[in-house]
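Here is what each chain is made of, one letter per residue.
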Amino acid sequence: MSRLEMSVPNNAQVVLERLYRDLEHRIESSTSGLCPIDMSKAFLELCHAQSCGKCVPCRVGLGQLKYMIRDILDGKGSLDTLALMEKTALNIIETADCAIGYEAANIIHRGLIAFRQDYEEHIKQGGCTCQYEQAVPCVSLCPAGVDIPGYIALVHEGRYQDAIRLIRKDNPFPTTCGFICEHPCEARCRRNMVDASVNIRGLKRMAADLAGEVLPPPCSESTGKRIAIVGGGPSGLSAAYYLQLMGHQVVVYEMLPKLGGMLRYGIPNYRLPKNRLDDDINVILATGVKVQYGVRIGKDVTIQSLREEYDAVLITIGASSDKKLGISGEEAEGVVSAVKFLRDVGEDVELDFTGQEVAVIGGGNVSMDAVRTAIRLGAKKVSIVYRRRVTDMTALKDEIEGAIAEGVEVQTLKAPKKIEVDEKGHLKGIWVTPQMVSKVENLRTTVRPTGDEDVFIPCNTLIVAIGQDIESEHFAEAGVPVKSGRIQAEKYGGFDYIPGVFAGGDCATGPASVVKAIAAAKVVAANIDEYLGYNHSISCDVKVPENDFSNRTRLGRVSMTEREVGTRIHDFDGVENGMTEEEGKQEASRCLRCDHFGYGVFKGGRESLW
Amino acid sequence: MVNLEIDNIKVSVPEESTIIEAAESAGILIPSLCYLKEINEIGACRVCVVEIEGKDKLVTSCNNKVANGMVIYTNSPKVRKHRKTIVEMILSQHDSNCVTCVRCGNCSLQKLANELNIINVPYEQEFERRPWNKKFPLIRDSSKCIKCMRCIQVCDKVQSVKVWDVVGTGSRVSVGISGNCKIEQADCALCGQCVTHCPVGALRERDDTEKVWNAIDAKDKVVVVQVAPAVRAAWGEELGLSREEATMGKIVDALRRIGFNYVFDTVFSADLTIMEEGTEFVGRFKNNKTKKMPMFTSCCPGWIRFCKAKFPHLVPQLSTAKSPQQMFGAVMKTYFANKIGVKPENICTVSIMPCIAKKGESNMELYFEEYAGHDVDLVLTTRELNRMIKTAHIDPNTLKDAECDELMKDGSGAGVIFGATGGVMEAALRSVYFLITKKNPEPDAFRIVRSSRETKGWLSAEIDIGVITVKAAVVNGLGNARKLIEALEKGEVHYDFVEVMACPGGCVGGGGQPIHDGEELAALRGKTLYCLDSNAPIRFSHENQDVGRLYKEYFEAPLSKKSHLLLHTNHNNWDM
Ligand SMILES: Cc1cc2nc3c(=O)[nH]c(=O)nc-3n(C[C@H](O)[C@H](O)[C@H](O)COP(=O)(O)OP(=O)(O)OC[C@H]3O[C@@H](n4cnc5c(N)ncnc54)[C@H](O)[C@@H]3O)c2cc1C
Ligand code: SF4
Ligand code: SF4
Ligand code: SF4
Ligand code: SF4
Ligand code: SF4
């Protein structure tokens, strides 16, 4: 007999580990609309199975909670049951020995408060009012509602042009989105239940890469109606595209020399090459959309005069001014906002950071774009200064990793205090206050000062990337409802008391994403059409291939590769490599065709026109 | 064409065919429970699964399409084993109390379980029991529902009423009333299409046969029955009689043998309806009251309910004429009661209808002199008639043609076709022609309005009558009716006169007719009615001698004061 033994996992344990992972994936792809009480019961059973069984409240109490929930679900519960549940849960929270017990009871207790209405509904109606949502998970999570299984099936057959046509029915920026869409569609992809979500964005990029030029469909018969669109970003241009297809004449007013908004003057070339952005914009212009470049509404022309001249006006001015830190020294030379900085780069203003130290404040996507751009401009040292931890950053994980890989210094738990300026008014650096993590409030971890002395971070350029504002004063003056900068359009994109004026995109929602801007454009396009007295619909005559019956065995997700860090940081060329055709076909075969298999074939499936 | 192999048979079928269709073309029947062509192709019951060579998972044949070179087995050991297990699972949640079930002997689940030789269910059985108002004309038994979702789809896609919906999530998913309300508040048209498309006994009409037996047994009651036109076209299907054998005369015989005191044919009051409604239309037309919106027919209570619930502002456009069922009831309790010297309260009026909505309609009240009650006391569907014939142990083969009773015996071919879509319009046009020109048209002059279940949307025709042109439309199915109304309201179309029947194909396809899962027999039954019409001795409602006498002796003329009192109604005045 040996005194100690090394532990080797036995077979059952290995399988169980896999079960835990599968469970995680399964929960990840959970649809919304499920009954929260039924789900709570399922969680509770899992928790109960974890119990060591030593203590009474956990061993017995959790089981009793389970029976009570079951009764409620079966329509046999009463308000007394709820009261007893509450008493029991509190007992377990306050008497169980370890977290297995008290945290399980906590889940139920929180649910009793949060889903009170659902519980009562069950008791009164004998059942719940929940309804399965997200029949096709990816489509319902894509703000623009792109027919994802449809275009993936087309990619699978190598019909790239048709794939682009089908995407454009709901999104006229297939190439752009293939590069930089935040892909909310992938979050609950049902393929997660098998292995991992389908690389939906990658397949879109692949279709765009291989399709070549795809002309827009013909426009409907001219209606003679004229529409002015203020701002040529993705929301303005998408609305222009659909309205032009519906037979109206659109004129876009853009204050900058080129179209694209943040796509051109915000997102750096290495993420979205400008020539690829032009692929999308050229197709939109090919429908006959007219553009007035270099005209700023509010300065050169007023919104009132547009309203008089046109049958309808759409405001899509985005969120293009910067938010201020509000600390001293912010006016110093060398302090610049991220929006301004990235716009200058986008406008090809000569900038050289060679040998400089650059600090960027903020933990969002814009901040990542700023640091990685600064690196490409030759900076010696680039730091991100952030109040919280890396896990708290709002930027996409891939972006943070990309920045770190490119040599960015991440200085976390440092809150900006004041900017140090030399006697010539030039920036010297920034003082920051050290922080430590603190309580979790509403799922967000807060921080508090450690009490240590402030730290000085020297820098030649300080870029502030803490959010964007909307330049809506002119519109507010003209009577358009505005609240803390945001244009307050109704859900249909218009204003109840200003007929013929509509708004959408970042200027109405606050800074969001490209695909949300496009989604808003669809809404306003449909409602402007209706306002003008028409009922045009947008459809696509591409026939989606039938599902195949492949065996759906586990198959890894194809991720895209990137260019080597050593070379890519010296230029602004695209970082990400597209999939090869072979990779794309394999990836497309992973789609489970939720439009055909599952609830999608019954309700909430394909919408072939809007 | 697509070439493939099914159960070792080479098959060649058009592209886009489903596997089940391809198999059918080769004479191979694949069983299914939820599949309803074009209406419910959702692969929910999984009974129609087949094996495709080289694929691990079985696939449903109802909603998957064939491909070149496919090799399919519809009855391999794997398929057979899984199919049986599936049905066992269904049975674990199905209260298979067949002996007390209306669908016993005509049930897709019972048949399938028998075919698969399921003689015990290995699973624990648990049935869903939801409360239901047993007084409502439509009854749902949740313990028999197999969640095929057909009712949801029929009510939504065909009828556009959307009474049913999926409720609950996870293991508690079931079928309930949309919007979490009660059936009484759900605007159900009572067309009964969900009933005739339910594969099992989860949906049925309220059974009123016991009340009829009681009335027959009651010494002091004179029980008078009327039989709707569409019943003759379908009743024999459940009794093993061919279309030629199953005559109206034999229904009369059966009803007398059951014990009814007087037997009449609703064709009589269909003719009466034409006199009233036709005259009403001519009046409205001449007074330019159909310039904006048409006059709608009012013989179909399913349509009336739909109109009241979904388009209440159109109620004034409905003809004020009661339906033939109600008119007959009113005449029985007044003119007829008087003639045979019985007090109306001692008369029990029963009607045999192809329809469930008529059960709802019979709550319409009748006030006449001292009498306060209903035109019609009890309504039976065709299926209930057949159940009574069976209960009476009448051998259908011994039935002989018999005649209806005197006084209200006459009936025209025009009245017979009331049972098929387009029939009311055609019958009305025949008499409207006469009213306007004082001449009879060719009896078949208006055959252009003969629509069918297959007519997509609605049928329209411009009818020249003397110097005027009547724009007419005929529509069947409430989904189509909705589309027609929307087009009317948008000003895309204009009609003077519109016939609406709630059931696809008209009453011949009514919700009270015999059920044949997977078959739509409305068109065939309609043919029977048109054939009866063309052989009828009289073809015009206005030539019905008994109706003529009724006017002479009682009502004086169409739209007289008395006929307003007894034969017309304000559709706003009765509750759904
Ligand atoms: C640096 C950065 C990176 C981003 N990265 C991503 C990403 O990877 N993925 C993603 O989905 N989203 C990203 N976004 C967000 C995305 O770019 C925006 O949500 C989107 O561009 C909003 O579109 P929009 O049309 O509403 O506004 P904008 O794109 O801002 O377009 C507004 C247009 O209106 C013009 N304009 C403004 N005022 C006037 C006026 N008065 N008169 C005339 N013209 C006017 C502007 O010049 C501009 O062209 C990023 C944003 C930034 C700033
Ligand atoms: S498997 Fe395909 S259809 Fe289903 S969610 Fe994922 S991408 Fe969408
Ligand atoms: S529905 Fe069919 S299987 Fe069920 S009890 Fe009735 S006859 Fe039997
Ligand atoms: S009631 Fe009938 S038609 Fe409706 S889901 Fe149940 S079994 Fe199917
Ligand atoms: S009777 Fe007709 S309207 Fe009522 S639920 Fe059934 S199909 Fe729908
Ligand atoms: S069409 Fe006939 S059977 Fe159907 S609801 Fe109307 S009256 Fe009844």
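Residues numbered from 1 in each chain as written. Chains lettered and ligands numbered in written order. Predicted model: local features only at pLDDT ≥ 70, side-chain atom pairs only at ≥ 80, totals over all residues. Heavy atoms only, no water.

K.L.:
How would you sum up the overall build of chain B? Please name residues and give values.
P.N.:
A tally of regular secondary structure across chain B gives 19 helices and 19 strands. Taking 2.2 N^0.38 as the reference for a compact globule, 576 residues should give roughly 25 Å; the C-alpha atoms of chain B span a radius of gyration of 25 Å, in line with that estimate. Considering only C-alpha atoms, chain B reaches an extent of 80 × 55 × 45 Å along its principal axes. Burial statistics for chain B: of 576 residues in total, 61% are counted as buried. As displayed, chain B offers around 23,100 Å² of accessible surface, 50% of which is attributable to carbon and sulfur atoms. Once the 72 positive and 72 negative side-chain charges of chain B are each reduced to a mean point, those two points are 3 Å apart. (Helix = DSSP H or I, 4+ residues; strand = E, 2+ residues; numbered from the N terminus. Rg over C-alpha atoms; globule rule 2.2 N^0.38 Å. Buried < 20%, exposed > 50% of the residue type's maximum accessible area, 1.4 Å probe, protein only. Areas by Shrake-Rupley, 256 points an atom, 1.4 Å probe, with all protein chains shown as cover. Lys, Arg positive; Asp, Glu negative; His and termini not counted. Charge placed at Lys NZ, Arg CZ, Asp CG, Glu CD.)

K.L.:
Got a sec to walk through the site of ligand 6? Specific residues and values, please.
P.N.:
All names here are of chain B. The environment of ligand 6 is formed by Cys300, Pro301, Gly302, Pro354, Cys355, Lys358, Met501, Ala502, Cys503, Gly506, Cys507 and Gly510. Here the residues of the shell around ligand 6 sort into eight nonpolar, three polar and one charged. Residues lining the shell around ligand 6 come from more than one domain, with at least three contributed by each of domain 3 (209-268 + 325-409) and domain 4 (278-319 + 415-571). (Near = heavy atom within 4 Å. Nonpolar A, V, L, I, M, F, W, Y, C, P; charged D, E, K, R; others polar. Domains from an automatic or database assignment.)

K.L.:
Describe the interface of chain B and chain A, and please don't skip the residues or the numbers.
P.N.:
The interface of chain B with chain A comprises 24 residues on the first partner and 25 residues on the second. Summing both partners gives a buried area of about 1,900 Å² for chain B against chain A, and 48% of it is carried by carbon and sulfur. Sorting the residues of the side of chain B that touches chain A by element identifies helix 4 (150-158) and strand 7 (164-167) of chain B as the ones contributing at least two each. For the side of chain B that touches chain A, the class distribution of residues is seven nonpolar, nine polar and eight charged. (Contact = heavy atoms within 4.5 Å. Buried area = accessible area lost by both parts, 1.4 Å probe.)

K.L.:
Please give an account of the site of ligand 2 that cites residues and values.
P.N.:
In the region of ligand 2, the neighbouring residues are Pro137(A), Cys138(A), Pro149(A), Cys189(A), Arg190(A), Ile200(A), Cys591(A), Leu592(A) and Cys594(A). Taken together, the residues that form the shell around ligand 2 break down as eight nonpolar, no polar and one charged.

K.L.:
Go over the nonpolar core, please, and point to the residues and values.
P.N.:
Core analysis: the biggest nonpolar cluster contains 107 residues, and Trp164(B), Trp235(B), Phe260(B) and Trp303(B) have the highest contact counts within it. Here this core takes six residues from helix 8 (residues 248-258) of chain B, the largest share from any one element. With near-sequence residues (within four places) excluded, Trp303(B) lies in contact with Phe296(B), Thr297(B), Leu318(B), Leu478(B), Ile485(B), Val500(B) and Ala502(B). Ala144(A), Val155(A), Ile227(A) and Ala525(A) belong to the second largest nonpolar core, which has 73 residues in total. (Core = buried A, V, L, I, M, F, W, Y, C linked by side-chain atoms within 4.5 Å.)

K.L.:
Which residues make up the side chain of Arg83(B), and what values do they have?
P.N.:
All names here are of chain B. Relative to the elements of secondary structure, Arg83 occurs in helix 2 (residues 77-92). The buried charged residue Arg83 lacks any salt bridge, with Glu115 as its nearest oppositely charged partner at 8.2 Å. Here Arg83 is in contact with Ile30, Pro31, Val47, Cys48, Val49, Thr74, Asn75 and Leu116, once residues within four sequence places are set aside. (Salt bridge = Lys/Arg side-chain N within 4 Å of Asp/Glu carboxyl O.)

K.L.:
Can you explain the pattern of salt bridges? Please cite residues and give values.
P.N.:
Residue and element names in this part refer to chain A. Within the structure shown, the criterion is met by 83 salt bridges over all chains. For Lys323, the salt bridge is made with Asp469, and the minimal N-O distance between the two is 3.5 Å. Here Asp469 lies in strand 15 (residues 468-469) and Lys323 lies in the loop between strand 5 (321-322) and strand 6 (335-337), a separation of 146 residues in the sequence. Lys323 sits in the partly exposed class, given a relative accessible area of 35%. In this structure, a network of salt bridges that share partners links the residues Arg271, Asp369, Arg372, Arg376, Glu399, Glu406, Glu562 and Arg568.

K.L.:
Provide a residue-level description of the domain arrangement of chain B, including the pertinent values.
P.N.:
Domain annotation for chain B reports domain 1 (2-91), domain 2 (123-205), domain 3 (209-268 + 325-409) and domain 4 (278-319 + 415-571). Distance between the C-alpha centres of domain 1 of chain B and domain 4 of chain B: 43 Å.

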